[in-house]
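Notes for the structure review
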Amino acid sequence: MPEWIWEYEGYDPDAERLRESLCTLGNGYVATRGAVPESRAGLVHYPATYAAGVYNRLESTVAGRRVVNEDLVNLPNWLLLRFRLRSADGSAGPWFSPDTHRLSDYRHTLDLRRATLTRTFRYRDDEAGMLGVEQSRLVDMADPHLCALRTVLTAEEWSGEVEVESVLDGDATNSNVHRYRSLNGDHLTRIRTGEAGTDTTWLRCRTSSSDIGISMAARTVVVGQSPTSSELRPSRHRAVHRLVIPIAPGRPAVVEKTAALFTSRDPAIGDPLAAALDRVTTAGDFPAILASHVAAWARLWRRADLQVPGDAGRVLRLHLFHVLQTLSPHTAELDVGVPARGLHGEAYRGHVFWDELFVLPYLNLHLPEVSRALLNYRHRRLPQACRAAHAAGRSGAMYPWQSGSDGREETQQLHLNPRSGRWLPDNSRLQHHVGSAVAYNVWQYCEATGDTEYLHTKGAEMLLQIARFWADSAEFAPEDGRYRIRGVVGPDEYHDSYPDAARPGLDDNAYTNVTAAWVLGRALDLVQRLPAWRREELFERIGLDGGELPAWDEISRRLRVPFHRGVISQFDGYGDLAELDWEAYRARYHSIRRLDRILEAEGDTVNRYQASKQADVLMLGYLFSAAELRDLFRRLGYAMDDAIWRRTVDYYLRRTSHGSTLSGLVHAWVLARARQAEAWRYCREALEQDVADLQGGTTGEGIHLGAMAGTLDLVQRGLTGLEPREDALRLDPVPLPALSEYGFSLRYRGHWGVSVRLQRGQLRLGVPDSEESPIRVVLPDRAVTVAPGEACTLQLPQD
């Protein structure tokens with residue numbers, strides 16, 4: 001079916017890295033980029049395999065300074081398999097490469113339904129003749145430790161032999177991102193290889209500082225005939241299995257390579273190598289593995305599929321595919337967070353930022369067990385966040401902007417501007433609003449699932465410690481009777497200090513202050529809702545004095561939100577900055593998405609201008625409905641109405657360069673409610689960010705997981721106005737002509753497969769038969785109750 005298929009015709013070396021990222025296959029535990037099997041890492045190709053949560057820390061010297069970075073490790077390459085033809089006299093020709101051979105009918109086919117990548121092509125060998133090649137691969141969703149590659153080589157009107165070399169390659173380094181070329185990327189050490197039986201090789205190694213054991217085993221067999229020769233050749237860093245196979249018209253050479261991966265982080269094993277050898281030995285053949293893999297994906301698609309017609313639906317399904325490959329049911333068994341670039345590349349070093357803010361709302365209503373596991377990643381690192389707050393002279397928990405293995409701050413000290421070639425201080429660690437994102441995710445998960453056990457235990461511990469941090473960060477300003485939060489960086493990221501200031505950081509970032517007030521308010525609500533015994537136990541566990549709570553309440557009502565010219569200020573003093581000549585810069589440069597780099601290369605700084613990289617103030621409209629936002633501002637003592645919000649939206653639309661993949665998504669969400677005529681433009685941009693690589697080469701370094709998941713949630717919650725809140729599903733659909741028909745199923749409380757469909761001005765909801773309680777559905781003008789086994793169709797009001 002065309003809506004499930006993505007095809008790449010021909011071979012374009014310049015686009016190969018982008019295709020590799022978009023053709024990555026994974027299962028939540030491990031993922032392998034879509035590089036061609038015979039390739040080695042270089043300027044064109046980048047074969048790589050990543051296991052979720054496998055990090056390593058290395059020291060480098062950059063611009064004369066010692067820096068330490070932790071990276072998601074590029075593991076040994078299980079995929080490597082190359083071939084060459086042998087002439088009648090036994091002499092071997094060159095190894096095949098798309099970079100050196102003339103190709104015809106060259107095609108990659110990514111099948112989303114079956115989660116397979118197939119390459120087909122033909123090429124003519126000067127000595128032998130025409131050879132047809134078909135290669136199919138998978139990363140098993142049924143057994144997360146297995147990967148498989150099937151190669152079929154077909155001779156056309158000639159006979160001879162083909163030589164195949166199947167390799168486990170330990171010469172893997174982290175070198176996917178050109179900007180990081182000055183950094184140490186050699187993470188693997190103590191590499192050993194060996195053989196087992198007549199068809200299996202193995203490789204084991206360890207990460208150099210985190211000391212994680214990694215073991216792979218590969219079984220390579222010829223199907224339907226015996227090879228002329230088969231030789232296992234373990235060497236220092238590579239385990240090679242070389243085969244010579246007869247080939248003739250009607251008698252193709254079929255080679256199946258099955259690989260197993262285990263690490264010392266895995267539960268229920270004694271030794272990773274023994275586990276890998278056992279798993280690869282007992283694994284079925286390629287058709288058997290494929291059958292169970294496709295069945296596992298079929299179950300997953302039933303839980304998560306989204307029905308949107310046309311090209312938009314096709315891209316949304318690709319986005320969903322990559323979300324599910326990174327965060328699958330297997331993720332629920334792991335101690336991992338949401339990697340901003342998926343398991344698809346090495347940009348951002350595989351770190352965890354705030355992207356779960358855009359991912360979890362979707363997962364909450366489809367795979368809540370995965371959402372809970374991702375929240376547990378944050379809870380396990382709560383002690384580290386509390387230590388970080390203490391080191392900064394604060395109470396509570398200060399979560400890091402970038403997190404990796406253990407929850408310490410992983411944000412780099414320096415970052416490279418590729419335009420100027422200069423290494424610059426990186427102050428993004430001041431984005432303390434990441435703590436509010438953690439708290440928001442806890443609250444949203446519990447509202448969607450009704451998981452009060454989590455809310456009252458781990459969720460409460462995180463929420464109250466984050467609230468404590470905000471309360472202790474707020475400084476009272478007697479001149480206006482308000483509380484201020486100073487020295488932070490907001491979601492915009494362009495602005496990290498005031499012009500010519502001696503210290504980094506900004507004061508009273510509106511997004512930071514409003515979300516801090518929200519956290520404090522929710523924490524106080526939760527304390528009131530807790531049973532008395534649990535409240536006492538919780539206070540004792542985290543060392544909280546009930547006497548702190550009145551201050552929380554006061555701060556939550558008196559935090560300062562700056563305004564200028566009738567709009568919300570991004571931060572105090574934003575309105576005093578210079579205006580940028582946007583038209584002049586657009587005329588001078590092909591793209592101004594990374595305006596910060598352009599200005600720095602010119603000897604200027606974006607800190608001088610009213611210019612934003614992405615939505616900052618407008619993020620408030622992404623997190624909160626219009627009613628919630630009015631209530632928040634009213635609690636803070638400020639007026640907020642549609643006129644103020646619309647002026648604010650218009651103001652920042654004219655001053656945003658959209659240098660982040662999240663920007664188009666947030667603007668589409670906000671404009672769907674505020675200015676529908678322009679919403680589709682930003683929605684389309686959000687859909688095209690990775691497919692068209694709108695950020696100029698960044699997708700080859702890994703997909704943008706938050707933006708992909710956010711587009712799914714744009715349909716699920718943004719256009720429907722869906723809010724699981726107060727034991728009801730609240731809906732307030734908005735008409736968007738380009739996306740006027742869609743449907744999806746969701747998991748709500750104990751109900752599996754609740755169907756929601758909008759079509760021709762009607763909203764249809766169906767609840768599958770079960771023993772669960774009826775679902776209360778609330779629209780702006782009415783409320784209905786839908787019992788299990790029933791459906792209802794609601795006519796929506798027309799503008």
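This section reports on the structure supplied with the text. (Residues numbered from 1 in each chain as written. Predicted model: local features only at pLDDT ≥ 70, side-chain atom pairs only at ≥ 80, totals over all residues. Heavy atoms only, no water.)

Considerations on the nonpolar core
Applied cut-off: Take the buried Ala, Val, Leu, Ile, Met, Phe, Trp, Tyr and Cys residues and link them wherever side-chain atoms come within 4.5 Å; each set so joined is a nonpolar core. We call a residue buried when its accessible area falls under 20% of the maximum for its residue type, exposed when it is over 50%, and partly exposed in between, using a 1.4 Å probe and counting protein chains only. Secondary structure elements follow DSSP: runs of H or I of four or more residues count as helices, runs of E of two or more count as strands, with numbering from the N terminus. Contact criterion: two residues are considered in contact whenever any of their non-hydrogen atoms come within 4.5 Å of each other.
With 224 residues, the main nonpolar core has Phe83, Trp354, Leu464, Trp552 and Met619 as its most contacted residues. It is helix 10 (residues 510-529) that contributes the most residues to this core, 12 residues altogether. For Trp552, the residues in contact, after removing those within four places along its chain, are Leu464, Ala467, Arg468, Ala471, Leu520, Ala523, Leu524 and Leu544. Core analysis: the second largest hydrophobic core is formed by 16 residues, Leu138, Trp202, Ala260 and Leu273 among them.

Remarks on the side chain of Glu723
Position of Glu723 among the secondary structure elements: in strand 26 (residues 723-725). Beyond its immediate sequence surroundings of up to four residues, Glu723 is in contact with Ser625, Glu628, Ala728, Leu729 and Arg730.

Observations concerning the sheet that holds strand 2 (residues 25-26)
Hydrogen bonds between backbone atoms are what pair the strands of a sheet, whose relative direction is either parallel or antiparallel. Which entries qualify depends on this criterion: Two strands are counted as paired when DSSP detects at least two bridges linking them.
In space, the 3 strands of this open sheet follow the order 2-3-4, with antiparallel pairing throughout. Single-partner strands in this sheet number two, and they are strand 2 and strand 4 (49-51). In this structure, strand 3 (residues 30-32) lies alongside strand 4, joined through 3 bridges in antiparallel fashion. Paired with Thr32 across the two strands is Thr49, which belongs to strand 4.

What to know about the packing of helix 4 (residues 310-326) against helix 20 (residues 705-719)
Put simply, the rule reads: Fitted lines through C-alpha atoms give the axes, limited to the stretch in contact for helices. The angle between two N-to-C directions lies from 0 to 180 degrees. Convention used here: angles under 35 degrees read as roughly parallel, angles over 145 as roughly antiparallel, angles from 65 to 115 as roughly perpendicular, and any remaining angle as oblique. Note on convention: the crossing is left-handed when the near helix lies turned anticlockwise from the far helix by less than a right angle, right-handed when the turn is clockwise. Here the nonpolar group is Ala, Val, Leu, Ile, Met, Phe, Trp, Tyr, Cys and Pro; Asp, Glu, Lys and Arg are the charged ones; every other residue, Gly included, is treated as polar.
Contact geometry of helix 4 with helix 20 gives a least axis separation of 9 Å together with a crossing angle of 125°. Here helix 4 is positioned oblique relative to helix 20, judged by the angle of their axes. Helix 4 and helix 20 meet at a crossing whose hand is left-handed. Here helix 4 contributes Leu316, His319, Leu320, His322, Val323 and Thr326 to the contact with helix 20, which in turn contributes Leu705, Met708, Ala709, Thr711, Leu712 and Val715. Along the lines of polarity and charge, the residues of the contact of helix 4 with helix 20 split into 8 nonpolar, 4 polar and no charged.

Some points on the environment of Glu475
Heads up, the rule is: Polar contact criterion, stated in full: a pair of N or O atoms within 3.5 Å, where within protein one must be able to donate a hydrogen and the other to accept it, and residues adjacent in sequence count only if both atoms are side-chain atoms.
Turning to its location among the elements, Glu475 is positioned in strand 22 (residues 475-477). Setting aside residues no more than four positions away along its own chain, Glu475 makes contact with Arg482, Tyr483, Arg484 and Arg486. Engagement of the side chain of Glu475 in a polar contact is seen with the side chain of Arg486, the distance being 3.1 Å.

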